[in-house]
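Listed here are the chains, written in short residue letters.
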Amino acid sequence: MIPLVRLQPSPGQPRRLTINILLCNPADPLSLAHLQAFEIEEADGMTLFIALNEIRSTQDASLQFDFVCRAGICGSCAMLIDGRPGLACRTLTRDLGDHLTLAPLPFFELIGDLSVNTGKWMRGTSERLQAWIHNSATVDLDALEQRMEPELAEAIYELDRCIECGCCIAGCGTAQMREKFVGAVGLNKVARFRLDPRDTRSDDDFYELIGDDDGIFGCMSLLGCHDVCPKQLPLQTQIAYLRRKMAALALS
Amino acid sequence: MEVIHSDVLIIGGGLAGLRTALAARKRGNNVIILSLVPPKRSHSAAAQGGMQASLANTSKGAGDNEDVHFEDTVRGSDWGNDQEVARMFVHSAPKAVRELAAWGVPWNRVQAGDHEAIIDGQRVTLSEPAAARGLITARDFGGTKKWRTCYVSDGTGHAMLYAVSDQAIAAGIPVHERMEAVSLIHDGARCYGAIVRNLINGRLLAYVARATCIATGGFGRIYQSTTNAVINEGIGAAIALETGVVPLANMEAVQFHPTAIFPAGILVTEGCRGDGGLLRDVDGYRFMPDYEPEKKELASRDVVSRRMESHIRSGKGASNRFGEHLWLVITLLGEAHINHKLREVKEICQYFLGVDPAEQYIPVRPAQHYTMGGVRTNHTGQTPTLRGLFAAGEAACWDMHGFNRLGGNSVAETVVAGMIVGEAIADFCATPEGDMQVSTALVRASWEKAGAEFAAIADNRGGESASVLLLRMQAIMTTQVGIVRHHENLAAAVDELQQLILRSRQVGLHATRAGANPELTTAWRLQRMLKLALCVAYGALQRTESRGAHFREDFPRRNDAEWLKRTLASWPVADQTLPSLDYEALAVSGMELPPGWRGYGARDAIEHPGTAVRQAEIDDIRAAMTGADRHAVQQALMPFRHLLPPHLRGPNARLRDSA
């Protein structure tokens, strides 16, 4: 569900916001993680993208964070916003209190301040899960494309919408304990390729990839992933379905 | 000094870079991709509405083929493009979309039977033949005669980028993330790779390669109001410019997209209008049919954006606390359509505007969107002046878009260019020319020079602020080098931008930080972005005509007699504050489609003396070949297939092969 209820803008004076940011620079051996408070004046329609850029241009030129599309599409700017994983670019300050806290996503390698290395982890996971269409047939570029039912194409896109932002991993209980857990992002990829008839792999092949405690059997069904996914992917049903299929295979 | 070797170095991990890398890798080359960000976060992901390819699977696409797509593209370009390149593109686009289908892109498919659609504000029933069931469907887009835009809901770029990026992972192509190329290693005649800055630790590395390809996208961030991602700063084009020997072409050709949400500037797709959405003014009046009776909301982007701005100027803009805007209305499409086919639009409206587009109007105003200009290359993506240097995608100007690009043609260009340029790179590497003798002294000197530039900025105690100068440059570009241009504004912009170049050399940093200091990064990039801004502004000042997206209020007519030529901007001396401009003529005598009226927009172009001659020749050829196969006629008018790699020359199959 996309929240449509907004806090009412306060009439008259704009709010003063206190933004506490967890700062740390691993490149500097003397740097210790600490919360630092920045005060800014709220503007109409202000997002955390606008607020953080304002802090960087007026108060702390060294502040590190990651934004790319600033439109909720690319998944770069996931961070903990008042403790909850979310996309900073499309979070409006008017939906938050006067005092807020920003911290980098846990689990991923810290680059500095609010910037974490999700890209490295995502590439590693894709390699591990061989997350691409497996099909050895040569593509005839001059011929009509293979047909697909419209409903199936839409169902694949539903799972293909993942933006690899890392929120599901940050919201995952298992990932906090099990460093190699593939998480909802990984399991969703398997579900996506499993659904796709262009991928010739069988369930036995997928079992080899995720049939253990670092894969589908590691999930404790806490489903923090489902709650925090900014694309509202159907992670709960996909993980449950995949577990049933893989468990049946394990028992057969 | 750490040196990393490869056969091929691709700078940029978006669709163009990835697809180029795959083609070069497939031919056995060792390829490394550099990317500012993880490749799946590239701006390619923001392409929403779709990719043009003349598959002709749907009832509204019936009769479509390469010829129709070609004519749309040339008219869209306002005759500013290279027609051979446009031909190569339209011929390869169906192959690209079919390859992507095999790679897993979940293209929306044809549902056989009746379905409802909105056309020109009316609900109509269309019927799709059973024979087309399950083939790739298409939607309408601006400036096209047929429904040709293949799509995946409104997340087309995302789906394409993920599929192609996954193929690169499957092929084992390493992507060195958070790396920025800061200069090219070259001796004035040949390129040997790039000096690269690690954006995590700030260290400089030397990447030495036999072939180097710039695929860094556009440079929309020189504008204040832009749909572009924050990484689209054009540094790839800038380092090519800084070689002094590689020109950037048609930099004044900058596209403004009609529907960016106001004021955030975030894109909502042209698919909104393609699927039946309308533009309305302060009175709720649908104004586009008054200006453009033929194509209405679906004229080309340059025309629609210009009409919108002039409608606002005539006092008909709606307004909110941020300023004036117009309304995009998609309520008539219905909630089900929006939930399935325009879901990113719905999310964007809800998150950034608090608006439900199924119920409410969307505030929009044109914003910078695309740069037709870029690194000048030939039809295979090779720069004619620096051997071993290639460019592809939005960063390049092989010149398929001329002065205005059609919606759906750029995301298509990324993959088509990748298929063609990647092959050319592999060809280059397979010849003796692809071998190189590189001097380690040259590599070291390049590395030291780049290091000295960063040190000079880091040590400068000047009083200027990089972020202040950056904002000023962006404001100048949006207000004075925008949709409507005039000598006075352009001259003032050029003057002030030159001053900003001088001031940018006096930037002092506020912060020091171990690792890659973001303020140092900004200050370094600012100097390059200012050069690009000057190429745009100075090119626009000198071009005393209106063509495509370049509109001069004081020279409102397209002037083929004097301006049927491509601008080349170069920067031979580092200290100069203006680019050197040169021009290359577009030869009317070789055109398959000589200049004429676009089918929308103004009709008052000043004719080139060669146009009538060429048109007569074409008429004679067509008359002599009456009844001949369309491919044979095309071949007689302007042969192009020999320019394509052999595996891309075959005819494209269509359901109705009469097409």
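Anyway, here's the lowdown on the structure attached to this text. Keep in mind that this is a model prediction, so the values were computed, not measured.

## A word on the overall build of chain A
Secondary structure assignment for chain A yields 9 helices and 7 strands. Structurally, chain A occupies a C-alpha span of about 65 × 40 × 35 Å along its principal axes. Expressed as a percentage of its 252 residues, the buried residues of chain A come to 54%. Considering only contacts in chain A between residues 6 or more positions apart, those separated by 24 or more positions represent 63%. When the accessible surface of chain A is summed, it comes to about 11100 Å², and 53% of that surface belongs to carbon and sulfur atoms. On chain A, the mean spot of the 24 positive side-chain charges and the mean spot of the 34 negative ones are 2 Å from each other.

## Points about the overall build of chain B
Regarding its fold elements, chain B presents 18 helices and 21 strands. For chain B, the C-alpha atoms occupy an extent of roughly 65 × 60 × 50 Å along the three principal directions. Residue burial in chain B is summarised as follows: out of 659 residues, 66% are buried. Considering only contacts in chain B between residues 6 or more positions apart, those separated by 24 or more positions represent 73%.

## Digging into unusual backbone geometry
Note: most residues except glycine have negative phi, and most peptide bonds are trans. For the peptide bond that leads from Phe262 of chain B to Pro263 of chain B, omega is 5°, which places it in the cis range. Tracing the sequence through the fold places Pro263 of chain B in the loop between strand S12 (254-261) and helix H6 (271-274). Of note in the backbone geometry, Leu223 of chain A takes a positive phi value of approximately 60° without being a glycine. Mapped onto the elements, Leu223 of chain A comes out in the loop between helix H7 (203-210) and helix H8 (224-228).

## Quick word on the interface of chain A and chain B
With 77 residues of chain A in contact, the opposing surface of chain B contributes 88 residues. At the boundary of chain A with chain B, total buried surface from both sides reaches about 6500 Å², with 52% on carbon and sulfur atoms. The tally of links between chain A and chain B comes to 13 salt bridges. Every element with two or more residues in the side of chain A that touches chain B is listed here: helix H1 (48-58), strand S6 (110-112), strand S7 (115-116), helix H2 (118-128), helix H3 (150-160) and helix H6 (183-195) of chain A. Per element, the largest residue contribution to the side of chain A that touches chain B is 8 residues, and it comes from H3 of chain A. Considered class by class, the residues forming the side of chain A that touches chain B number 35 nonpolar, 16 polar and 26 charged.

## As for the packing of helix H1 (residues 15-26) of chain B against helix H11 (residues 409-430) of chain B
Residues and elements named next belong to chain B. Running from N to C, H1 and H11 cross one another at 35°; their axes reach a closest spacing of 7 Å. The chirality of how H1 crosses H11 is right-handed. For the pair formed by H1 and H11, the contact residues are Leu15, Ala16, Arg19, Thr20, Ala23 and Ala24 on the first element and Val411, Thr414, Val415, Gly418, Met419, Val421, Gly422, Glu423, Ile425 and Ala426 on the second. In the contact of H1 with H11, the residues fall into 10 nonpolar, 4 polar and 2 charged.

## With respect to H6 of chain A
All names here are of chain A. Look at H6: 19 Å from first C-alpha to last across 13 residues, which is about the 18 Å you get at 1.5 Å a residue. Where burial is concerned, most of H6 is hidden: 11 out of the 13 residues are buried. Those residues of H6 not exposed but buried are Gly183, Ala184, Val185, Gly186, Leu187, Asn188, Lys189, Val190, Ala191, Arg192 and Phe193.

## Concerning the pattern of salt bridges
With the rule as written, the count across this model stands at 76 salt bridges over all chains. Between Glu158 of chain A and Arg343 of chain B there is a salt bridge whose closest N-O contact spans 2.9 Å. Within this pair, whereas Glu158 of chain A is found in helix H3, its partner Arg343 of chain B is found in helix H10 (residues 343-353), the two belonging to separate chains. Look at Glu158 of chain A and you get partly exposed, because its relative accessible area is 23%. Of the charged contacts in the structure, one is a salt bridge between Glu453 of chain B and Arg528 of chain B, with a shortest N-O distance of 3.1 Å. Placement of the pair is Glu453 of chain B in helix H12 (residues 440-459) and Arg528 of chain B in helix H15 (residues 518-542), with a sequence separation of 75 residues. The structure contains a network of salt bridges with shared partners spanning Asp78, Glu252, Asp302, Arg306, Arg543, Glu545, Arg547, Arg558, Asp560 and Arg598 of chain B.

## Some points on helix H3 (residues 83-102) of chain B
Residue and element names in this part refer to chain B. The first and last C-alpha atoms of H3 sit 29 Å apart over 20 residues, in line with the 28 Å expected at 1.5 Å per residue. Ser92 marks where H3 bends most, by close to 35°; the proline Pro94 follows one to four residues later. Capping the start of H3 is the job of one residue whose side-chain oxygen sits 2.9 Å from the backbone nitrogen of Glu84: Asp82. Phi for Gly104, located one or two positions after H3, is positive at around 110°.

## A few points about the packing of helix H13 (residues 466-480) of chain B against H15 of chain B
Residue and element names in this part refer to chain B. Relative orientation of the contacting elements H13 and H15 amounts to 20°, with a least axis distance of 10 Å. Here H13 lies roughly parallel to H15, going by the angle between them. Along this stretch, H13 crosses H15, giving a crossing that reads as left-handed. On the side of H13, the interface is formed by Ala466, Leu469, Leu470, Met473 and Met477, while H15 contributes Thr522, Ala523, Leu526, Met529, Leu530, Ala533 and Val536.

## Here we look at the side chain of Glu270 of chain B
Residues and elements named next belong to chain B. In this structure, Glu270 sits in the loop between S12 and H6. Accessibility expressed as a relative area gives 1% for Glu270, which makes it buried. Only 2.4 Å separates the side chain of Glu270 from the side chain of Arg301, close enough to count as a polar contact. Each residue touching Glu270, except ones within four places of it in the same chain, is listed here: Phe141, Gly142, His257, Arg301 and Gly407.

## A closer look at the sheet that holds strand S17 (residues 374-376) of chain B
Pairing between the strands of a sheet is mediated by backbone hydrogen bonds and can be parallel or antiparallel. Residues and elements named next belong to chain B. With mixed pairing, the 5 strands of this open sheet are ordered in space as S19-S17-S11-S20-S21. Only two strands of the sheet have a single partner each, and these edge strands are strand S19 (396-397) and strand S21 (580-585). Inspection of the sheet shows strand S11 (residues 248-249) paired to S17 by 2 bridges, in the antiparallel sense. Each residue of the ladder has a partner; that of Ala249, found in S17, is Gly374. Relative to the sheet, H15 contacts S11, strand S20 (565-570) and S21, its axis offset from that of S21 by approximately 60°.

## Brief notes about the packing of aromatic side chains
By the definition in use, this model includes 12 aromatic pairs over all chains. Arranged with centres 5.3 Å apart and planes meeting at 75°, the rings of Trp563 of chain B and Tyr583 of chain B form a pair that is edge-to-face. Residue Trp563 of chain B is located in helix H16 (residues 560-563), and its partner Tyr583 of chain B is located in strand S21; the two are separated by 20 residues in the primary sequence. By relative accessible area, Trp563 of chain B is classed as buried at 9%. Tyr583 of chain B sits in the partly exposed class, given a relative accessible area of 27%. Aromatic rings pair up to connect Phe49, Phe65 and Phe67 of chain A into one cluster. A cation over a ring is seen here: Arg90 of chain A above Tyr351 of chain B, with NZ or CZ 3.8 Å from the ring centre. The ring of Trp563 of chain B has Lys565 of chain B sitting right over it, with the charged end atom 4.9 Å from the ring centre.

Reading the values: the criteria
- Residues numbered from 1 in each chain as written.
- Chains lettered and ligands numbered in written order.
- Predicted model: local features only at pLDDT ≥ 70, side-chain atom pairs only at ≥ 80, totals over all residues.
- Heavy atoms only, no water.
- Helix = DSSP H or I, 4+ residues; strand = E, 2+ residues; numbered from the N terminus.
- Buried < 20%, exposed > 50% of the residue type's maximum accessible area, 1.4 Å probe, protein only.
- Contact = heavy atoms within 4.5 Å.
- Areas by Shrake-Rupley, 256 points an atom, 1.4 Å probe, with all protein chains shown as cover.
- Lys, Arg positive; Asp, Glu negative; His and termini not counted.
- Charge placed at Lys NZ, Arg CZ, Asp CG, Glu CD.
- Buried area = accessible area lost by both parts, 1.4 Å probe.
- Salt bridge = Lys/Arg side-chain N within 4 Å of Asp/Glu carboxyl O.
- Nonpolar A, V, L, I, M, F, W, Y, C, P; charged D, E, K, R; others polar.
- Axes fitted to C-alpha atoms, helices over the stretch in contact; angles between N-to-C directions.
- Left-handed = near helix turned anticlockwise from the far one by under 90°.
- Expected span 1.5 Å × (residues − 1).
- Bend = angle between axes of the 7 residues up to and from the residue.
- Polar contact = N/O pair within 3.5 Å; in protein donor to acceptor, adjacent residues only side chain to side chain.
- Parallel < 35°, antiparallel > 145°, perpendicular 65-115°, else oblique.
- Pairing = 2+ DSSP bridges.
- Phe/Tyr/Trp six-rings, centres within 6.5 Å; stacked < 30°, edge-to-face > 60°.
- Lys NZ or Arg CZ within 6 Å of the ring centre and 35° of its normal.

Don't take any of this as a statement about function, it's just geometry.
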